[in-house]
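Read off the chains here:
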Amino acid sequence: MSVKKKTLDVYLEEVFKQFIAIKDDDFSRAQEVFKSVFEQIKQKMGEQCNYFKKYSNQVMYGGSVYDGTKATKMDEFDMDIVIRLPINYDDIIIECDQPGFVRLKIMSAFDNLDKQKEWEQCHKVTRDWRDGDKYLLQNKFRSWMHGIVQKALNEMNGRVTVNGTTYLMTYKESGPAYTVFIRNEENDKEFKLDVDLVPVIRFRLPRWPKGYRKIEKVSLCRDWLVVPKPNKEASGAARGRCWRLSFQDHERDLIKECHHLKKVLRLMKKLRTALKMKAIASYYIKTLFLWKVEKEKKQFWQNNLSFLFTTMLQDFHDALEKKNIPYFWNSKNNLIGSLDPANQKLYTEKLKGVLVSARANDVDKTIFALLEADEILQFKRSEMYQSHSTSLPPAVQTKSSTSSSVTSNTSSQEQGNSQNSQMDDGQAALLKSIICKLDLLTQKMDQQEARLIKLEMAYEQSRKEPQKEIKVMYETNVQAPVDVMLNGNINTVPQIDSEALILF
C-alpha cells in the first residue's frame, strides 16, 4: 500500500470516529428509554383493542438499527409489529405482477370469521380490511393500527416516566408508520428519539413470492414481511391493494461478517446527506452494497477502507449516471427510475467531483465532502488533523492553504485563541451565525444549480425539436456564483457500531 493511500485511510477512520460512530452511552440510554416507553405504549394498545392484544406477540427492530448501520446519533428506531391474521395462511393468494409489491387475496377464510364466538369481542375489526374482490387492503389495515396507537398515547396523556425522568410524547402519521416523538423535559440534558411503529404481516418459508430470487447463502432466515406501504405508481383501487415486500432478515444475513462493509456503507450514507442528495433513500445505497456482496467474496471487504470507499463511490456514481439501481430481490424494479432528470444530473456531477478528488488523493477535499461546515472547523482543530496536515502530499497542502478566507481566518483565529484564552460567548455566537449563513448559502446555490440544469435541458430539447416552442421563465433574482469556501461546501451523514437485534 502506498503512503498516500495510508493517509486517506487514516483520515477516513478519524472522520468515522469523530462524526459517524455512535457513542456507547448514547446507544445505551436510547435503548433503555425506547424499550421502557414502547412496552408501556404496547400495553395501552392492547387495552384499546382485543384483536391487537391477541395477535401482536412479536415485535422487532427494522431499518438501520436492525442492520447495525445507524450513524452519528441514536435518535430513531424502526419497530416492526407483526400482526397475525386469524386464518390459515395457505388460504392467502399472493399475486406478484408489480415488482417490489404483492397483492393478498383472501377468499372464504375471512368470510367465516363472523360465525366464530370471538367475532364481536375480537375479530369484528377485520370486517373492513377487504374490498369487494376479496383483496386485503393495506390502507384499511394501516388505519386500524394508527387508530390504536393514537388512542393509547391519548390515554397516556402524552407523558411517560423512565427511571425518574419524565418524557413528553407527540405523534403523527407518516407513510406506513406511526411516528412517536419522545422528548425529555427542559430541565434535563436534551434527549430526542423518534420511533416509527410499523405494522407488518409475516410469511415463512417454504412460501415465497413468485418472481423473487432466493439466495443460497442465506440459510437460517425463514421470515419475509409485507408492509402496508402503497405503490406510488399505482392508482385507484390498485393503490390500496399493494403491499410492499420486505426481506430484511435475509439482507441482514447477507451483509454480516463482511469486515469493513458497514463502515463504508455509513461513510457513503453520510456523503449522501452532506451532498444534499435528498431524493436518494438510504435503502438505495444499501442495495448497491447488496449487489456488491453477491458479486465479490467476503474477503473483498477486508481491503483498505480508502479502496472500498472509492470503489463503492464509483458504483454509486455509475448507478446515478445510468439512472438505474435495480431492486436486489427483483431487478425489474428500478429504485431510481422516477428520479427527476435535473436531480440525476446534479447528483452525478457532485459524486464525480468527490470521485476525482479521491482518485487524485486530494485528501482534504475528499474528507471535507463528508462534513458539514461546522464539522470541518471542528475537524481542522482536532489534534489528529494538526499532527497529520504537515505530512500531506504537496498538492493537498496547496489546496488546503488556498481554502476560503472565512475558513482560514476562522482557523487562524482559533489557533490564536488557543494560545491566549478561550473563545468568549460573543465570538461563539458570531461563529455559529456565520456557519448558519454558510449552510443557507450552500442550499441556495444547490437550488440555483438545479434551476440552471433545467434551463440547459430545456435549451437542448428546443434544439432537438425546433418546431416546438419552449418557453422558459427566468428568475429575476439570480445570484452570481459564489466561491463558497470550505473546499467544497459539503455536509454530513451518520452511522452505528451496534448489530443488536432486540426482540420483546
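Residues numbered from 1 in each chain as written. Predicted model: local features only at pLDDT ≥ 70, side-chain atom pairs only at ≥ 80, totals over all residues. Heavy atoms only, no water.

A.B. asks: Would you mind going over the pairing of strand β5 (residues 159-162) with me for this structure?
C.D. replies: Looking along a regular strand, one sees side chains alternate from face to face of the sheet. On β5, burial follows the alternation: V160 and V162 on one face are buried, whereas R159 and T161 on the facing-out side are not. By the bridge criterion, 4 bridges tie β5 to strand β6 (residues 165-174) in an arrangement that is antiparallel. Of the residues in β6, the one forming a bridge with R159 is L168. Linking β5 back to β6 in an antiparallel pair, the connection comprises 2 residues, with N163 at a positive phi of about 50°. (Buried < 20%, exposed > 50% of the residue type's maximum accessible area, 1.4 Å probe, protein only. Helix = DSSP H or I, 4+ residues; strand = E, 2+ residues; numbered from the N terminus. Pairing = 2+ DSSP bridges.)

A.B. asks: Got a minute to help me understand the nonpolar core in this structure?
C.D. replies: Across soluble globular proteins, nonpolar side chains show a tendency to be buried alongside one another. In terms of nonpolar packing, the biggest core is built from 120 residues, with L85 and I367 touching the most fellow members. Among the elements that take part in this core, helix α11 (residues 305-322) stands out by supplying 8 residues, more than any other. Apart from residues lying up to four places away in sequence, L85 is in contact with Y51, I92, I106, F110, W129, L136 and I201. If you look at the next biggest cluster of nonpolar residues, it comprises 7 residues, including V82, A177, V200 and L225. (Core = buried A, V, L, I, M, F, W, Y, C linked by side-chain atoms within 4.5 Å. Contact = heavy atoms within 4.5 Å.)

A.B. asks: For this particular structure, what's the right way to read the packing of aromatic side chains?
C.D. replies: Centre distance and the angle of the planes are the two values used to describe a pair of aromatic rings. Scanning all chains against the criterion turns up 29 aromatic pairs. Their ring planes at 35° and their centres at 4.4 Å tell us that Y51 and Y55 sit as a pair that is tilted. Residue Y51 and its partner Y55 are both found in helix α3 (residues 50-55); the two are separated by 4 residues, about one turn of the helix. Of the two residues, Y51 and Y55, both sit in the buried class. Taken together, Y89, F203, W208, Y212, W224, F247, W291, F328 and W329 form an aromatic cluster joined through their ring pairs. (Phe/Tyr/Trp six-rings, centres within 6.5 Å; stacked < 30°, edge-to-face > 60°.)

A.B. asks: Help me understand helix α12 (residues 341-359) in this model?
C.D. replies: Think of an α-helix as turning once every 3.6 residues; residues three or four places apart then point the same way. Under the 1.5 Å per step criterion, the end-to-end length of α12 is 27 Å for 19 residues, consistent within 8% with the ideal 27 Å. Where α12 begins, one side-chain oxygen reaches toward the backbone nitrogen of A342, 3.0 Å away; that side chain belongs to D340. (Expected span 1.5 Å × (residues − 1). Polar contact = N/O pair within 3.5 Å; in protein donor to acceptor, adjacent residues only side chain to side chain.)

A.B. asks: Could you clarify how one ought to interpret the environment of D223 in this entry?
C.D. replies: Looking at the element boundaries, D223 is found in strand β9 (residues 223-227). Here D223 falls in the buried class, since its relative accessible area comes to 10%. For the pair D223 and Q248, spaced 25 residues apart in sequence, the C-alpha separation works out to 8.8 Å. Ignoring sequence-local partners within four residues, the contact set of D223 consists of R202, F203, R204, D249 and H250.

A.B. asks: I'm lost on the packing of helix α8 (residues 248-255) against helix α10 (residues 282-295) in this one. Help?
C.D. replies: Relative orientation and spacing of two packed helices are given, respectively, by the angle between their axes and the distance between those axes. Their axes nearest at 10 Å, the elements α8 and α10 cross at an angle of 55°. The orientation of α8 with respect to α10, classified from their angle, is oblique. Relative to α10, α8 is oriented so that their crossing is left-handed. The residues of α10 that touch α8, namely those facing E251, L254 and I255, are Y283, K286, L290 and V293. (Axes fitted to C-alpha atoms, helices over the stretch in contact; angles between N-to-C directions. Parallel < 35°, antiparallel > 145°, perpendicular 65-115°, else oblique. Left-handed = near helix turned anticlockwise from the far one by under 90°.)

A.B. asks: Would you take a moment to explain the pairing of strand β4 (residues 101-106) for this structure?
C.D. replies: Most of β4 is tucked away: 6 of the 6 residues are buried. Residues F101, R103 and K105 line one face of β4 and the alternating positions V102, L104 and I106 line the opposite face, and both faces are buried. Sheet topology note: the strand β3 (residues 92-98)/β4 ladder contains 5 bridges and is antiparallel. Residue pairing for β4: I93 is matched across the bridge by K105. The hairpin formed by β3 and β4 contains 2 residues between the paired strands, and G100 there has a positive phi angle of roughly 95°.

A.B. asks: Just to check I follow, could you spell out the environment of T161 for this structure?
C.D. replies: Among the structural elements, T161 can be located in strand β5. As a C-alpha pair, T161 and N184 span 23 residues in sequence and 9.6 Å in three-dimensional space. In this structure, T161 is in contact with Q40 and T166, ignoring residues within four places of it in sequence.

A.B. asks: Got a minute to help me understand the side chain of T366 in this structure?
C.D. replies: Counting through the fold element by element, T366 comes out in helix α13 (residues 363-368). Here S357 takes part through its backbone oxygen, which lies 3.5 Å from a polar atom of the side chain of T366. Beyond its immediate sequence surroundings of up to four residues, T366 is in contact with L8, F309, V354, S357 and A358.

A.B. asks: Any chance you could explain the packing of α10 against α11 here in plain terms?
C.D. replies: Direction vectors running N to C along α10 and α11 enclose 115°, while the axes themselves pass 11 Å from each other. With respect to their mutual orientation, α10 and α11 come out roughly perpendicular. Where α10 crosses over α11, the two elements pack in a sense that is right-handed. Taken together, the residues of α11 that come into contact with α10 (itself represented by I285, L288, F289 and K292) are T311, M312, D315, F316 and A319. Looking at the contact of α10 with α11 residue by residue, the class counts come to 6 nonpolar, 1 polar and 2 charged. (Nonpolar A, V, L, I, M, F, W, Y, C, P; charged D, E, K, R; others polar.)

A.B. asks: Can you help me understand the environment of A369 in this one?
C.D. replies: Checked against the element boundaries, A369 lands in the loop between α13 and α14 (373-381). Residue A369 is classed as buried on the basis of its relative accessible area of 1%.

A.B. asks: What is the right way to read the pattern of salt bridges from this model?
C.D. replies: Once their charged atoms are close, side chains differing in charge can pair, the charge on each being opposite to the other. Tallied over the entire structure, the rule returns 20 salt bridges. Across the pair R130 and D111 runs a salt bridge whose closest N-O atoms are separated by 2.6 Å. Highlighted residues: R130 in the loop between α5 (108-111) and α6 (138-155) and D111 in helix α5, separated in sequence by 19 residues. The class for R130 is buried, based on a relative accessible area of 17%. The residue D223 makes a salt bridge to R202 at a minimum N-O spacing of 3.7 Å. Separated by 21 residues along the polypeptide, D223 in strand β9 and R202 in strand β8 (residues 192-204) bring together distant segments of the chain. On the accessibility criterion, R202 (23% relative accessible area) is partly exposed. (Salt bridge = Lys/Arg side-chain N within 4 Å of Asp/Glu carboxyl O.)

A.B. asks: How should I be thinking about the confidence of the model for the protein in this particular structure?
C.D. replies: A low pLDDT means the predicted coordinates there should not be read in detail. Residues at a pLDDT of 70 or more form 75% of the protein, whose mean pLDDT is 80. Confidence, expressed as mean pLDDT per element, reaches its minimum in the protein at helix α16 (residues 394-401) with 42 and its maximum at α11 with 97. Note that residues 390-424 has pLDDT below 50 and, in this model, 42 contacts with residues that lie over four places away or in other chains. Of the regions scoring below 50 in pLDDT, residues 467-504 engages in 132 contacts with residues more than four places distant in sequence or in other chains. (pLDDT = per-residue confidence, 0-100.)

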